[in-house]
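Remarks on the overall topology
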Amino acid sequence: MFGTQESNRGAFLEATREAREERAAERRREEAAIKLQTCIRRWLLQCSQDKKVREKFDLLFEKELAQSDQIAPSLPSAIDVFVQATDFIKIFKKEKDVRRFEVFTRYLVASMDSDSVKLSYVSVGMNKELTVQWIQHMKDVLFIACKLLKGLQAEISIENRLISLYLHLLLTFTATNTWRILRGDNFEPLRPALNKLTENLLADLVSRGLYTTLNSVLVRGLCRGRIAIRGPAITTVITLALRPLIAAQYSDKLLSLTTIHILSIPALVHHLGTVAPEALQMFHKHGIFERVVEFVQTEQNLRIIFNTLEGSYALCLLANLIHLAYEERESAFPTLAFPKFNYVVTRLLEKCGEYVTTKQSSLTQWHPVLGWFSRPLDQHLNESLSLVKTQLQLLWCGPLIKLMFSTLTNVIKEQDVSLSESSNSVYNTSSSVSAASSFGSISSSSIIRKALERKLGTSSNVGSVKVSGVRGSTRKLGSPEISTVAMVCSMYHTAITTLSPLRMDILTGLCYKSDMVYHLWLILQSLGPLCGLKSFLDLLSVSMKATAPEFHLLMLFCDSTTHLVTVLDDLEMYEHQKPFSITDYSAMASFLNNFIYKMIHNHLIDVRNVQGSGLFISVHTLLMLLYTRNARRKYVPNNHWLIKECRVSSFMADFERGKRTAQVLLSKMPHIIPHEERVLLFRRHVSKEKSVLGLTDAACAAPQSTLITIRRARLVEDGYRQLASLSPQGLKGLIRVRFINEQGLDEAGIDQDGVFKEFLEETLKKVFDPSLNLFRLTSEERLYPSPTSSLTENHLQLFEFTGRMLGKAVYEGIVIDCPFASFFLSQVLGEHQSSLYSSIDELPSLDPELYKSLTYIKHYDGDVSDLDLTFSYDEDYLGQIITHELRPGGKAIAVTNDNKIVYIHLMAHFKMHTQIREQVISFIRGFRSIINPDWLSLFSVPEFQRLISGDNVAVDLKDLRRHTQYYGGFHDKHRVVCWLWDILEKDFKEEERALFLKFVTSCSKPPLLGFTHLEPPFSIRCVEVGDDEDTGDTIGSVIRGFFAIRKRDPVNRLPTSSTCFNLLKLPNYQKKSTLREKLRYAITSNTGFELS
């Protein structure tokens, strides 16, 4: 019962709640309806009123609205227009009233050209009762004009005219100088008040985004392939931008707005100079360049600009400032160049560099000026970057470089004066010394001479180059003049690192448009012994990241000199010696060599990541360039590159222990230790690899071997067939050879060393024979791959096989007498992949005549186009003339003075690379399958040739005799043996000794490390003793040989040899003269064992 009552009560309460909510909802609906009706009525009323306002406005300007862009000759009264226009401006809507506003704007401009008080619109503002209302009205009018300007497209002709119209409106009402009404004397007293009025309007415009509007107009009109706004409009914009700045007396706020919104317009100054020179003249008149530089140089203002401008527009600001500096080069710039302009440019470059990355990714885009950029580029910027680049290039044009480095120039001039004075002093004192000596005052002369040396600061450095400052005066790092030069160098170094795609362009400007590079060298020399080596090392010890400007000076010098030396040909470098002399190069090499060594050895940089140091890269690159040039054509002795304080034994011990500094030094500058030590290291690398692979008796009881059968008549074919498929590891192992003679019979014996050496030598001799057309000979009898080798079947496979065979010879230490062209060896070493590699420098090793012709073209004083050359090369190929284009469409591209350098390098590259590219790749692939490329990095090109063909020195007979073995009764004191060594030493010329060595070993050059490394060892055997009787130089052998030798006198026999065993077979001649005659005949007959 109670449950039923409780249920009824709940239902009653629920019904009551629902009724209450329904009544509340009804009330809300009624209120909403009332509000909605009110709004609709208000809106309808407003529409009605707006319609009436527009109708009255249209009635007032009925004729103007009917016409396209003209104002009726008779203007309505200004007060009547003001009454209607005030209401119109309040209800202005862009969608409906653009045409009306255009007509109104035309009226305003026309009215200001009237001198009638009744017609001039400004006369309304002169009415005290309407002044406040008129000012607010004009503020709204000008603001609407700004908003409309932002949306107009300059490339559309109609809208372009509107841009000019609205800019004219803004120009008219922000200054009184165009108001015709003020030209009368009656209104002259009102001018100050009206000027205040226009300043009020101008200030309001600035606060409401005038500069943003002007920026939009300029960006849309100028940042495109073809500019869309004309000169007068641009001049108007610049005038509008400068008016607030001048009115505010160049306040920081207005300078900031001008800098951010106007001077950051891409290529603005370029456009001003070409289409609006009046605007550029305004910049000059008001000292905008000086004021902006003064403003931007403060750190706080720089931060404001950095926080506002994105990286690309900061770059555009920099470009415009550089262009302005160029325009002001004869007026304001010289006084601003340092330190203000220098600091501003450096900081802006650093700002741009914050957005630059070192690699491509999905988050980066390629920027033609900055490289890989972490921000997207807008369309306007893309279309203007070519002009921005042109502006930036002014920073390294001749006039600006000269002004920026004016301190450097002055320092050099002072030093020249000092040198002249010192020379006069030396001359006068020398005369005194000479006079004193003539009276026998020798001790006095010595004292004076020593005093003079102390005065001039003469000293000798490690590189044997005398340095006493710059020809007489010594300076220190940190001195005012050195610091000034260093700061300027820091700016240009920052430009090189930030504007990485323009790096070559910057270096070209610095090298060829001024004497900056040579002057920097004089400054470096003035720092004391070895170019102030100790000062730089001391500074590096406290600034290990090398961020000090002094290091930027050194890096800029190294980068510029590297660029300069890279493009110098041998005539310019060795004959003309400009700008550097050979002595200068020698001094540079000494300084750089010692600096890098001590930098690494003393742990002044992170040895775990030396490539992460910009200082190391710059200095090391120049050093290796100088070393490479010296390797090709010497200008310093071999020991010049050695570090005297580096003890080879302890250095190699550190290397073997895995000490990081030793490993880095040997990797980056192997030339600091003698060549012989590097060859020993190479042999140790080979020995270690053989042990690891189990290819030695010590590593394995039965080392892996491969037996091949070779027919004498099919030497290359059989060798290729059996060895080409052999794995590199198998080829590095023991190869045993069985020869089949011409009768098809096995030759006696299978040898592990000598027979394979003979096979290797004979195989390489055949493949290097030019008649096979795999290789050709240069005019200097040096080998290089034949461009027409494709006529030979499977030529690329044969090149790879040849590379493997030569690699095997080097691997085993077998000397092969095959001189290669240096350009080919440089490609095998991988030097051609370096960014510093120059094809034209290597060309003399291939074709000296072509090199002379190209050098003639390079230095041709006249018009190269008169020579009728094109970017093509005609080749006679089997009687047919084939034309190769050096670049796409090259047959139609004439060689001119502007592109002749490109032509020269392309021609050299075609001859040495393009023509034989596939052959070289195949050869290198085969060679490197045997020889680790890292091992080859120990050697220069000439050293690599010596590694292949032996040492290019005289035959050391004492060393050869010391390591000779005797068989068949001969011994070192035997009469015939003594005759032999005596003849070689006293009767034979050096050329004959080389022929003798070739006769017995097949190579005219001794092994690199002496005859102790000749494999097999050189031996001499008496030919009267048979092989089965020969047991070596034992007592029994000597006795048997003695009796055998006495049997007969072999006057008709000739000495013979087995080059595969390095064996000389010598008859027991009874006369020394007979031995001399027969030996000379044998070695000049160019034969071996078959001549007997």
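The sections below set out a description of the structure shown in this document. (Residues numbered from 1 in each chain as written. Predicted model: local features only at pLDDT ≥ 70, side-chain atom pairs only at ≥ 80, totals over all residues. Heavy atoms only, no water.)

**Brief notes about the pattern of salt bridges**
Oppositely charged side chains can form a pair if their charged atoms are brought close together. Under the defined criterion, the tally for this structure stands at 51 salt bridges. Arg-208 is the salt-bridge partner of Asp-140, the closest N and O atoms lying 3.8 Å from each other. Linking Asp-140 in helix 6 (residues 131-151) with Arg-208 in the loop between helix 8 (191-207) and helix 9 (210-222), this pair joins segments that are 68 residues apart in sequence. For Arg-347, the salt bridge goes to Glu-350, with nearest N and O atoms at 3.2 Å. Residue Arg-347 and its partner Glu-350 are both found in helix 17 (residues 333-353); the two are separated by three residues, about one turn of the helix. For Glu-350, a relative accessible area of 36% gives the class partly exposed. Connected via shared salt-bridge partners are Arg-54, Asp-58, Asp-97 and Arg-100. (Salt bridge = Lys/Arg side-chain N within 4 Å of Asp/Glu carboxyl O. Helix = DSSP H or I, 4+ residues; strand = E, 2+ residues; numbered from the N terminus. Buried < 20%, exposed > 50% of the residue type's maximum accessible area, 1.4 Å probe, protein only.)

**Structural notes on unusual backbone geometry**
A cis geometry characterises the amide bond from Phe-338 onward to Pro-339, with omega recorded as 5 degrees. Topologically, Pro-339 is positioned in helix 17. A cis amide bond links Lys-578 with the next residue in sequence, Pro-579, at an omega value of 0 degrees. Among the structural elements, Pro-579 can be located in the loop between helix 27 (570-576) and helix 28 (582-601). Residue Asn-794 is not a glycine yet carries a positive backbone phi of 55 degrees. Within the secondary structure, Asn-794 is located in the loop between strand 6 (783-785) and helix 36 (795-812).

**Here's the deal with the sheet that holds strand 12 (residues 1063-1066)**
Strand order across the open sheet formed by four strands is 9-10-12-11, with mixed pairing between neighbours. If you trace the sheet from one side to the other, it starts and ends with strand 9 (965-967) and strand 11 (1056-1058), each paired once. Geometrically, the sheet is characterised by an average inter-axis angle of 20 degrees between neighbouring strands, direction not taken into account. Relative to strand 12, strand 11 runs antiparallel, the two sharing three bridges. Bridge pairing links Ser-1057 to Leu-1064 in strand 12. (Pairing = 2+ DSSP bridges. Axes fitted to C-alpha atoms, helices over the stretch in contact; angles between N-to-C directions.)

**Notes on the nonpolar core**
With 298 residues, the main nonpolar core has Phe-104, Tyr-121, Leu-392, Tyr-492 and Phe-595 as its most contacted residues. Once you skip the residues sitting within four places of it in the chain, Phe-104 turns out to touch Phe-57, Phe-61, Val-81, Ala-85, Ile-89, Tyr-121, His-137 and Val-141. Membership of the second largest hydrophobic core comes to 29 residues, among which are Val-955, Tyr-966, Ile-1020 and Ile-1083. (Core = buried A, V, L, I, M, F, W, Y, C linked by side-chain atoms within 4.5 Å. Contact = heavy atoms within 4.5 Å.)

**Considerations on the environment of Ser-725**
Along the chain, the position of Ser-725 falls in the loop between helix 33 (715-723) and helix 34 (728-732). As a C-alpha pair, Ser-725 and Phe-801 span 76 residues in sequence and 9.6 Å in three-dimensional space.

**Points about the environment of Val-767**
Looking at where Val-767 falls in the secondary structure, it is placed in helix 35 (residues 754-767). Using a relative accessible area of 1% as the deciding quantity, one classes Val-767 as buried. As a C-alpha pair, Val-767 and Thr-802 span 35 residues in sequence and 7.3 Å in three-dimensional space. Not counting residues within four places of it along the chain, the set of residues in contact with Val-767 comprises Val-716, Leu-772, Leu-774, Phe-775 and Thr-802.

**Quick look at the side chain of His-913**
Structurally, His-913 is set in helix 40 (residues 900-914). When near neighbours in sequence (up to four residues on either side) are disregarded, His-913 contacts Gln-827, His-832, Tyr-837 and Ser-839.

**Examining the packing of helix 37 (residues 822-829) against helix 41 (residues 917-928)**
Remark: helix 37 packs on helix 41, axes separated minimally by 10 Å, with the N-to-C direction vectors making an angle of 55 degrees. With respect to their mutual orientation, helix 37 and helix 41 come out oblique. Crossing hand, helix 37 versus helix 41: right-handed. Counting all contacts with helix 37, which are made through Phe-824, Gln-827, Val-828 and Leu-829, the residues of helix 41 involved are Val-920, Phe-923, Ile-924, Phe-927 and Arg-928. Grouping the constituent residues of the contact of helix 37 with helix 41 by class yields seven nonpolar, one polar and one charged. (Parallel < 35°, antiparallel > 145°, perpendicular 65-115°, else oblique. Left-handed = near helix turned anticlockwise from the far one by under 90°. Nonpolar A, V, L, I, M, F, W, Y, C, P; charged D, E, K, R; others polar.)

**Quick look at a positive patch on the surface**
Together, Arg-20, Arg-23, Arg-27 and Arg-28 give the surface a local cluster of positive charge. Within the secondary structure, Arg-27 sits in helix 1 (residues 2-60). (Patch = residues over 30% accessible without salt bridge, like charges linked within 9 Å, V, L, I, M, F, W, Y side chains within 5 Å. Areas by Shrake-Rupley, 256 points an atom, 1.4 Å probe, with all protein chains shown as cover. Lys, Arg positive; Asp, Glu negative; His and termini not counted. Charge placed at Lys NZ, Arg CZ, Asp CG, Glu CD.)

**A few points about the packing of helix 30 (residues 648-656) against helix 32 (residues 675-693)**
Remark: helix 30 packs on helix 32, axes separated minimally by 12 Å, with the N-to-C direction vectors making an angle of 25 degrees. Taken together, helix 30 and helix 32 sit at an angle that is classed as roughly parallel. Seen along the crossing, helix 30 lies across helix 32 with a hand that is right-handed. Along its contact with helix 30, which presents Val-648, Met-652, Phe-655 and Glu-656, the element helix 32 presents Glu-677, Leu-681, Arg-684 and Lys-688.

Keep in mind these values describe shape, not function.
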